[in-house]
Amino acid sequence: MSRKPLIAGNWKMNNSISKTRDFFDEFLKKPLDQGVDIVICPPFTAILAAAEEIKGHDNVHLGAQNMHWEDKGAYTGEISPVMLREIPCDYVIIGHSERRQYFAETDEMVNKKVKAALKHNLIPIVCVGETLEQREQGITMSWVISQVEKALEGVDEKQLKSIVFAYEPIWAIGTGKTASDDDAQQVISGIRNKIGEFSNAEIAGNVRILYGGSVKPGNIEGLIKKPDIDGALVGGASLDAESFFSIISLSRK
Ligand code: 13P
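Quick notes on the rules
- Residues numbered from 1 in each chain as written.
- Predicted model: local features only at pLDDT ≥ 70, side-chain atom pairs only at ≥ 80, totals over all residues.
- Heavy atoms only, no water.
- Patch = residues over 30% accessible without salt bridge, like charges linked within 9 Å, V, L, I, M, F, W, Y side chains within 5 Å.
- Areas by Shrake-Rupley, 256 points an atom, 1.4 Å probe, with all protein chains shown as cover.
- Salt bridge = Lys/Arg side-chain N within 4 Å of Asp/Glu carboxyl O.
- Lys, Arg positive; Asp, Glu negative; His and termini not counted.
- Charge placed at Lys NZ, Arg CZ, Asp CG, Glu CD.
- Helix = DSSP H or I, 4+ residues; strand = E, 2+ residues; numbered from the N terminus.
- Near = heavy atom within 4 Å.
- Polar contact = N/O pair within 3.5 Å; in protein donor to acceptor, adjacent residues only side chain to side chain.
- Nonpolar A, V, L, I, M, F, W, Y, C, P; charged D, E, K, R; others polar.
- Pairing = 2+ DSSP bridges.
- Axes fitted to C-alpha atoms, helices over the stretch in contact; angles between N-to-C directions.
- Contact = heavy atoms within 4.5 Å.
- Phe/Tyr/Trp six-rings, centres within 6.5 Å; stacked < 30°, edge-to-face > 60°.
- Buried < 20%, exposed > 50% of the residue type's maximum accessible area, 1.4 Å probe, protein only.
- Lys NZ or Arg CZ within 6 Å of the ring centre and 35° of its normal.
- Parallel < 35°, antiparallel > 145°, perpendicular 65-115°, else oblique.
- Core = buried A, V, L, I, M, F, W, Y, C linked by side-chain atoms within 4.5 Å.

### Details of a negative patch on the surface
- There is a patch of like negative charges on the surface, built from D22, D25, E26 and D240.
- Tracing the backbone shows D22 in helix α1 (residues 17-27).

Written out as structure tokens, the structure reads:
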């Protein structure tokens, strides 16, 4: 079972158009052919500039940080999957904990977005993860598994292999604390088992599952060595071309 590592940068609400161009000026000079899929998710205003910059770099892909599930309509402030495909964006982050926490995104909305992404050939990066309180209560696994189940409700098992999951413990995001390599591996292998129950061992063995939460060049090597961890969803360290490239080059399996 060989899964190509994937490193995705979630820029969140950072980087103007000019900063985006500066980032790519530096980043695209690096030897990016490392056998790792690279995804960068800029804010919406900078995606077109990013698309221009990456032309001709086939292993660098673009992702959105969110989208609506409808194709079009009266949804002020929202962006549709059709609009993302036109750019073209290949990936979309869905259900990030910051969207769940600050923008009241529910499991039901996450599920609609997953189905809409698949319908439009966008690869959803579905985020799940527990709070510190839930971890301390010992309910991490059941919570994460229930998020996975709800995200996948009504999804055709054949489409499962196009989905990427990201396990991001909320307490590890932007805090400098990471889950230990073993803890991350344990939850991620639990997610893989659940996907196997939804489909079969072959599909579960092909689905890529990332870890996210304070990933840096200094901790990626331990994480990527774990058998079920296929890469990372990187926040802060993806804003700097040098550190993002280091994470990529240390992620070869
Ligand atoms: P940090 O890497 O800044 O902790 O952010 C992780 C994250 O939320 C990626 O989606």
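On we go from here.
### Section: the site of the ligand
- The local shell around the ligand holds 13 residues, among which K12, H96, G174, S214 and G236 are the closest.
- Between H96 and the ligand, the recorded distance is 2.8 Å, taken from a side-chain N or O atom to an oxygen atom.
- One of the side-chain N or O atoms of E168 is found 2.9 Å from an oxygen atom in the ligand.
- The fraction of the free accessible surface of the ligand (310 Å²) that becomes covered by protein chains is 96%.
- Among the residues forming the shell around the ligand, the class breakdown is 4 nonpolar, 7 polar and 2 charged.

### Considerations on the sheet that holds strand β8 (residues 231-234)
- Pairing within the closed barrel is parallel, and its 8 strands lie in the order β1-β2-β3-β4-β5-β6-β7-β8. Between one strand axis and the next, the sheet turns by 25° as a mean value, whatever way the strands run.
- Against the sheet, helix α8 (residues 181-198) engages β5 (123-128), β6 (164-167) and β7 (208-212), with an angle of about 150° to β7.

### Thoughts on the packing of aromatic side chains
- In the structure shown here, the tally under the stated rule is 6 aromatic pairs.
- Considering the side-chain rings of Y167 and Y211, the 6.2 Å spacing of their centres and the 65° angle between planes classify their relative orientation as edge-to-face. Placement of Y167 in strand β6 and of Y211 in strand β7 is noted, with a sequence separation of 44 residues between them. The pair formed by Y167 and Y211 is uniform in burial state, with each residue classed as buried.
- Through successive ring pairs, a cluster of aromatic residues spans W11, F23, F24, F27 and F244.
- Of note, R99 hangs over the ring of F103, and the distance from its end group to the ring centre comes to 4.4 Å.

### Quick look at the packing of helix α5 (residues 107-119) against helix α7 (residues 140-151)
- Orientation of α5 relative to α7, taken along the N-to-C sense of each, is 50°, at an axis distance of 8 Å. In this view, α5 runs oblique relative to α7, as classed from their interaxial angle. On α7, the residues touching D107, V110, N111 and V114 of α5 are Q147, K150 and A151.
- Tallied by class, residues from the contact of α5 with α7 come to 3 nonpolar, 2 polar and 2 charged.

### Let's talk about the nonpolar core
- Within the largest apolar cluster, 64 residues are counted, with the highest numbers of intra-cluster contacts made by F27, F165, I191 and Y211.
- Not counting residues up to four positions away in its chain, the partners in contact with I191 are V128, V144, I145, V148, F165, Y167 and I209.
- Judged by nonpolar contacts, the second largest core, of 12 residues, contains I93, C127, V164 and L233.

### A closer look at unusual backbone geometry
- Cis geometry marks the peptide bond from I87 to P88, where omega comes out at 5°.
- Its location among the elements puts P88 in the loop between α3 (81-86) and β4 (91-94).
- Look at K12: it is not a glycine, yet its phi comes out positive at around 55°.
- Residue placement: K12 occurs in the loop between β1 (6-10) and α1.
- Of note in the backbone geometry, N15 takes a positive phi value of approximately 85° without being a glycine.
- The exposure class assigned to N15 is buried, which follows from its relative accessible area of 17%.

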